[in-house]
Amino acid sequence: RVEEAEPLAEETITAAFLLDMSLGGVKLRVASDVTPGDRVWLSIGRCDRGADEIEMAGRVVWTLREDGYATATAGVEFDAFDGSTRSRVARFLAR
């Protein structure tokens, strides 16, 4: 689950659901409108472990909104991050 994902512009996504994650990015279910190219700030953590949150920036690379659904699926590519963050993401994925 993604606690917060907010574009670096004015709009804010207050909640999104993490569908898939790799060292390169995430696939999210979002209720807010995002478009490819939007910059976002992600705070990723597990529901039961708030202290383990990982924060990083990324860019929306694709979106899919199916007719009749209020939510959309979005692919976000992570910006480059340091070795420490990479290790934290790898540990998050291993759980």
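Read on for a plain summary of the structure. (Residues numbered from 1 in each chain as written. Predicted model: local features only at pLDDT ≥ 70, side-chain atom pairs only at ≥ 80, totals over all residues. Heavy atoms only, no water.)

Topic: the nonpolar core
Among the nonpolar cores identified, the biggest contains 18 residues, and Val 26 and Leu 42 are the most heavily contacted of them. If you list the elements that add at least two residues to this core, you get strand E2 (16-21), strand E3 (25-30), strand E4 (39-46), strand E5 (49-64), strand E6 (72-78) and helix H1 (83-94). Here the element with the most residues in this core is E6; it accounts for 4 residues. Not counting residues within four places of it along the chain, the set of residues in contact with Val 26 comprises Leu 18, Asp 20, Met 21, Leu 42, Ile 44, Ala 74, Gly 75, Val 76 and Phe 78. (Core = buried A, V, L, I, M, F, W, Y, C linked by side-chain atoms within 4.5 Å. Buried < 20%, exposed > 50% of the residue type's maximum accessible area, 1.4 Å probe, protein only. Helix = DSSP H or I, 4+ residues; strand = E, 2+ residues; numbered from the N terminus. Contact = heavy atoms within 4.5 Å.)

Quick look at the packing of aromatic side chains
Each aromatic ring pair is specified by the distance between its two centres and by the angle formed by the two planes. By the definition in use, this model includes 1 aromatic pair. An angle of 70° between the planes, with centres 5.9 Å apart, marks the rings of Phe 78 and Phe 81 as edge-to-face. Taking the relative accessible area as the measure of exposure, Phe 81 reaches 24% and is therefore partly exposed. (Phe/Tyr/Trp six-rings, centres within 6.5 Å; stacked < 30°, edge-to-face > 60°.)

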